[in-house]
Amino acid sequence: MKHRTLRLLGSLLLVATGVSVTGAAPAPRPTAPTPFDHVVPAPAHAAPGEHPYRITRGTQIRVDGSREARRVGEYLAGLLRPSTGYRLPVTDRGAGGIRLRLHQGPFGAEGYRLDSGPAGVTITAAAPAGLFHGVQTLRQLLPAAVEKDSVQPGPWLVAGGTLQDTPRYGWRGAMLDVSRHFFTVEQVKRYIDQLALYKINKLHLHLSDDQGWRIAIDSWPRLATYGGSTQVGGGPGGHYTKADYREIVRYASSRYLEVVPEIDMPGHTNAALASYADLNCDGVAPPLYTGTAVGFSSLCAGKEITYDFVDDVIRELAALTPGRYLHIGGDEAHSTSHEDYVAFMERVQPIVARYGKTVVGWHQLTGATPAEGALAQYWGLDGTGAQEKERVAAAARNGTGIVLSPADRVYLDMKYTADTPLGLSWAGLVEVRRSYDWDPAAYLPGAPASAIRGVEAPLWSETLTRSDEIEYMAFPRLPGVAELGWSPASTHDWDAYKVRLAAQAGRWEALGIDFYRSPQVPWPTA
Ligand code: ACM
């Protein structure tokens, strides 16, 4: 009797400490559910409860009658089936289980409530995007092994309690430069899935630059076939057909991301200028360019054909893009006179409006007159001169919305340290704490808080060619930018955040995401 009690106690202790009782290959089997404070981005309000929910072989995913709730339910089932090995039928019948419910309430366009207890988990939202973001939270409350694509032992516990969550900002973006190096549709989809895990809702694609034009335009076919035929370092480049681009848009939309396409102009246009001699002021096409200098190219502001070109490109791109925005670049136009730059933007912004889109430009657009409703994307540094910051702040006071991408904070292509093998360092070295530890609302002196629409993490690709390289630069900084965009300022705390961030590592390993093991973060030891 005594002996049996001891053995039972012993095995309970073994289970509690995560040691396998079967002997072979002791895989860690956490028996306590992931706490609410391990979710990234931090939820707005969390009230932990007593008892968890356990996903079992009999769990159903219950959706209301709407097609959209069903679509999110099928997405959730697709995430959970491979690792749990359960059937997890998506149904509009029954009780308990995991319920996705569209219901009017104080959730806004993207918020949700998650209620969890022994009887089930219910995610309630007013809109499908809210259900989707709630599903990302549920995913992070499950063990990291849930991300694997083969059956894992579980148990699949979800902590009990209630989360009420709604984003701080409507613009939580990531930019991928597919021009300096081209990335395939599959590579872009992989990044989209990683962004969705952190509730990023904008995918800004930098589709053209000196080194490559990456989107087919029927009325100017050589842009893609010739202008897209190389990349930095002289590789083969590539471009998206219209069907490719539509597939990216469709996939992004299935993850509740809005694609924001960028055609950078009037500078950063060598690939276009090389493709059509008539676009050059002197009528001579330059050679294709595979270096990494900036500021040497310009569309010809004084030629009418320039505006025919811009009209055609924007019309075709707008027709492919269900999203509200079209980014016209406008940065580093060092080979365009100020007078030409202003005149060019005066003519180009109304073209964007004519095709039903809202202008976004890099913040140099505020050196011209931003159109009504335009957004300026600030990419200066902490140390950028007061005069330049004030010009952007004045535009913000005048109604221009601001998306913050300070280069020495959130440019994901900046090296972490001098030893980082990839990336650039012109804006400085950006360790994980530096990318997280700033406040968007207070960043730009003189800009009203209401003008700040959110944050975006650009990833320029001069040095990047593969998905694992994208990931190494994005992780672990990207989740911090996502948290700045989503979580209320009251949750901002580096010491708490770094623990929350460290807890993500097992998930990245399960997903095969490469990441930088910053010494600033208390990663779990193997
Ligand atoms: C930029 O980094 N040139 C926007």
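Figured I'd write up the structure that's included with this text. Within every chain, residues take consecutive numbers counted from 1 along the sequence as written. The model is predicted, so local features are restricted to residues of pLDDT at least 70 and side-chain atom pairs to those at 80 or more, both for listing and for counting; the totals for chains, interfaces and linings are taken over all residues. With hydrogens and water stripped out, all remaining heavy atoms of the structure feed into the side-chain values.

Moving on: the overall build of the protein. Helix and strand assignments follow DSSP, with helices taken as H or I runs no shorter than four residues and strands as E runs no shorter than two, numbered in order from the N terminus. Within the protein, the regular secondary structure consists of 17 helices and 19 strands. Our radius of gyration looks at C-alpha atoms and nothing else; its globule reference is 2.2 Å times the residue count to the power 0.38. Its C-alpha atoms give the protein a radius of gyration of 25 Å, near enough to 24 Å, the size a compact globule of 526 residues would have. Referenced to the eigenvectors of the C-alpha coordinate spread, the extents of the protein come out at roughly 95 × 50 × 45 Å. Every one of the 526 residues in the protein was classed for burial, and the buried ones make up 57%. In the protein, 74% of the contacts between residues at least 6 apart in sequence involve partners at least 24 apart. Remark: exposure states derive from per-residue accessible area (1.4 Å probe, protein chains only) relative to the maximum for the residue type, with buried under 20%, exposed over 50%, and partly exposed in between. The contact definition used throughout considers only heavy atoms, calling two residues in contact when any of these lie within 4.5 Å.

A word on unusual backbone geometry. That bond from G154 to P155 is cis: its omega, 0 degrees, falls within 30 degrees of zero. With respect to the helices and strands, P155 occurs in the loop between α3 (128-141) and β8 (156-158). A cis amide bond links M265 to the next residue, P266, at an omega of 0 degrees. With phi around 45 degrees, L88 is a residue other than glycine that occupies positive phi space. For L88, the position within the fold is in the loop between α2 (67-84) and β4 (90-91). We classify L88 as buried; its relative accessible area is 0%. Positioned with a positive phi, Y256 is a non-glycine residue whose angle comes to about 60 degrees. Tracing the backbone shows Y256 in the loop between α6 (242-254) and β14 (258-265).

The next subject is the sheet that holds strand β17 (residues 375-378). In short, DSSP must find at least two bridges between two strands for them to pair. In spatial order, the strands read β10-β11-β14-β15-β16-β17-β18-β19; together these 8 strands close into a barrel with parallel pairing. Neighbour-to-neighbour, the strand axes of this sheet turn through a mean angle of 30 degrees, independent of strand direction. With 4 bridges joining them, β17 and strand β18 (residues 401-404) adopt parallel strand pairing. Paired with L375 across the bridge in β18 is G401. Angles run from 0 to 180 degrees between N-to-C directions of axes, and those axes are lines fitted to C-alpha atoms, restricted for helices to the stretch in contact. Across the sheet, α6 lies against β11 (202-206) and β14, angled at about 140 degrees from β14, the strand it touches most.

The next point concerns the environment of T336. Topologically, T336 is positioned in the loop between β15 (325-329) and α9 (338-354). Exposure remark for T336: the relative accessible area of 10% places this residue in the buried category. Placed 38 residues apart in sequence, T336 and S298 show a C-alpha to C-alpha distance of 6.0 Å. Distance and chemistry together define a polar contact, namely a pair of N or O atoms within 3.5 Å, with one atom able to donate a hydrogen and the other to accept it when in protein, and with adjacent residues in sequence counting only for side-chain atoms on both sides. Within polar-contact distance, the side chain of T336 engages the side chain of S298 at 2.7 Å.

Backbone-to-backbone hydrogen bonds pair the strands of a sheet. The strands run either parallel or antiparallel. Spatially, 7 strands are ordered β1-β9-β6-β7-β5-β3-β4 in an open sheet, and the strand pairing comes out mixed. Edge positions in the sheet fall to β1 (45-48) and β4, since each has one partner strand and no second. Pairing of β1 with strand β9 (residues 161-165) involves 4 bridges; the strand directions are antiparallel. Bridge pairing in β9 links P48 to G161.

With that settled, consider the pairing of strand β10 (residues 171-177). Taken residue by residue, a regular strand's side chains alternate between the two faces of the sheet. Burial analysis of β10 places 7 of its 7 residues in the buried class, which makes it a mostly covered element. Every second residue of β10 is oriented toward a common face, with W171, G173, M175 and D177 on one face and R172, A174 and L176 on the other, all of them buried. Relative to strand β19 (residues 452-459), β10 runs parallel, the two being bridged by 6 bridges. Directly across from R172, in β19, lies its bridge partner V455. Of the strand pairs in this sheet, β10 and β11 are connected by 5 bridges, and their pairing is parallel. When the bridges of β11 are listed, D177 appears paired with H206. Here the term right-handed applies to a crossover when the path leading from its first strand over the helix to its second strand runs clockwise, the strands being oriented away from the viewer. Crossover β10 to β11 through helix α4 (residues 185-196) is right-handed.

Summarising the element assignment, Y355 is placed in the loop between α9 and β16 (358-362). For Y355, a relative accessible area of 25% gives the class partly exposed.

A separate point is the side chain of Q194. The topology assignment puts Q194 in helix α4. Judged by its relative accessible area of 5%, Q194 is buried. When residues no more than four places from it in sequence are discounted, the contact partners of Q194 are E471, F475 and I513.

What follows deals with helix α16 (residues 494-502). Buried within α16 we find W494, Y497, R500, L501 and A502. Lining the buried residues of α16 we find α12 (432-436), α15 (477-486) and α17 (505-511). One side-chain oxygen of the residue at the start of α16 lies 3.2 Å from the amide nitrogen of D495, identifying that residue as D493.

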